Amino acid sequence: MSIQEFFQSQFNTAPEAVAQAPGRLEFIGNHVDYNKGLVMGVAIDKHISVAVSLRDDDEIHMASAGLNATGTVKLNEVCLQKGPQAFMNYPLGVFEMLRKAGMKAERGFNLADDSTVPTGAGVSSSAAIELATAYALCKIYNFPMSKIDIVRTGQKAENIFVGMPCGILDQGVSGFGEKDAIVRIDCKTEEFSTRPIPAGTVFWVFNSMVKHALVAGDYAKRHASCMNAAAEIGKYNAKIQCLADATPSAVEACRSKLSEEDYKRAMHVVAENARVVEMEHALAVGDLNAVGDLLKASHASSRDLFENSCPEIDFLVAELSAQPNVYGARLSGGGFGGISIALTNGDFTEAQAEKVADAFEAKFGKRPKYFKTTIGTGAGLVG
Ligand code: GLA
């Protein structure tokens, strides 16, 4: 059933706007975005579609095909939902942020969504639904917004409404993704640009099947450590306002002032930021072995310094990296479970992926889901 048909079946009317936004892979730059450094990501060929129409009353009605859920809230009672209506929170958060930005909504709306993005798997289905919702609502409420403002609206929905202190990576890549391109974000200046993906390479995505129950808590803890470390280092060097401004030697010079934990988190971020610069160079000269080594080094740093990996992801990365035709592999995204990505050449086969899945299953007693993805385009209206 198409999103239009699903919408019609739920609300007995046709949608007035349909938008689509992709999930993303973090290519490199782990936990660097909210530290205002450089990150790179790609939009995958899996999307969330959102269809909307205005209502004649003051109610918001939502139906999710993927989650098989429906919910209702009044326009003047929009707040964070708990229990069965919690699935409404990302679209509601976007609606609230649009209203804060000046969008007038005197009438309510119907919203239906459908998804081919796996949820809770580390490919940012949340950013995808935020961006698709923002595009669709801006159209029906006649509130034009630039792409960057749509991206920022998604991030604010997450930061302010949902309470997750994420950076701009997920929304930025979902918004600025382009076919066969890597999105590079300077998170301090919020400049977006693209680089071609190296010819002949393929991304494979392996789900560790670990959903860390405390992911939001662990993420917020890492975020707090980074902010502490930046503030402490900044006391000794006024030019350092965020970790992206610091060098490894600046962090080292403050080591005695930092807890061991904050020191390790900061070392990861500054070195990872530098790796993104090296990655740009390796991509520019087409040195795929260097690209692969940087992916592996990024993973080792997440595992040992940022400590946001887990045995399942470490195993996948080691198994994938040991396979022929693989340039490199790493944890991708927030961590504590989620996905590992591998950059391979075109000769990496399904049989090799199965071999990795077999080894994983033999060790952990569960089979990892995996898929190969092409690099798709970013979010926008499709109807
Ligand atoms: C999650 C967040 C992003 C980013 C990554 C880690 O995906 O939503 O903002 O911080 O983790 O790099």
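Residues numbered from 1 in each chain as written. Predicted model: local features only at pLDDT ≥ 70, side-chain atom pairs only at ≥ 80, totals over all residues. Heavy atoms only, no water.

(A) Inspection of the environment of Gln-323 at higher detail. Within the secondary structure layout, Gln-323 lies in the loop between α10 (311–322) and β9 (326–332). In contact with Gln-323, not counting residues within four places along its chain, are Phe-348, Gln-352, Lys-355 and Val-356. (Helix = DSSP H or I, 4+ residues; strand = E, 2+ residues; numbered from the N terminus. Contact = heavy atoms within 4.5 Å.)

(B) Just the site of the ligand, in detail. Inspection of the region around the ligand gives 13 residues, with Glu-26, His-31, Asp-33, Asp-170 and Tyr-219 positioned closest. Contacts to the ligand include Arg-24, whose side-chain N or O atom sits 2.8 Å from an oxygen atom. The protein chains hide 96% of the 310 Å² of surface that the ligand would expose on its own. Broken down by class, the residue content of the shell around the ligand amounts to three nonpolar, six polar and four charged. (Near = heavy atom within 4 Å. Polar contact = N/O pair within 3.5 Å; in protein donor to acceptor, adjacent residues only side chain to side chain. Areas by Shrake-Rupley, 256 points an atom, 1.4 Å probe, with all protein chains shown as cover. Nonpolar A, V, L, I, M, F, W, Y, C, P; charged D, E, K, R; others polar.)

(C) Spatial organisation of the pattern of salt bridges. For the structure shown, the criterion picks out 25 salt bridges. Here Lys-264 ties to Glu-307 by a salt bridge, and the two come within 3.3 Å at their closest N and O atoms. Taken as a pair, Lys-264 in helix α8 (residues 260–285) and Glu-307 in the loop between α9 (288–306) and α10 lie far apart in primary sequence, 43 residues in all. The exposure class of Glu-307 is partly exposed, given its relative accessible area of 34%. Put simply, Glu-26, Glu-272, Arg-275 and Arg-330 are held in one network by salt bridges that share partners. (Salt bridge = Lys/Arg side-chain N within 4 Å of Asp/Glu carboxyl O. Buried < 20%, exposed > 50% of the residue type's maximum accessible area, 1.4 Å probe, protein only.)

(D) Examining the pairing of strand β1 (residues 17–28) more closely. Most of β1 sits inside the fold, with eleven of its twelve residues counted as buried. Taken together, the ten bridges between β1 and strand β2 (residues 38–54) define a ladder with antiparallel strand orientation. Looking across to β2, one finds that Ala-21 is bridged to Ile-48. Note that β1 and strand β12 (residues 380–381) share two bridges and pair antiparallel. Along β12, the bridge assignment pairs Gln-20 with Gly-380. (Pairing = 2+ DSSP bridges.)

(E) Fine view of the environment of Lys-235. Inspection of the secondary structure puts Lys-235 in helix α6 (residues 215–236). With relative accessibility at 60%, the residue Lys-235 sits in the exposed group. Sequence separation between Lys-235 and Gly-108 is 127 residues; the distance between their C-alpha atoms is 49 Å.

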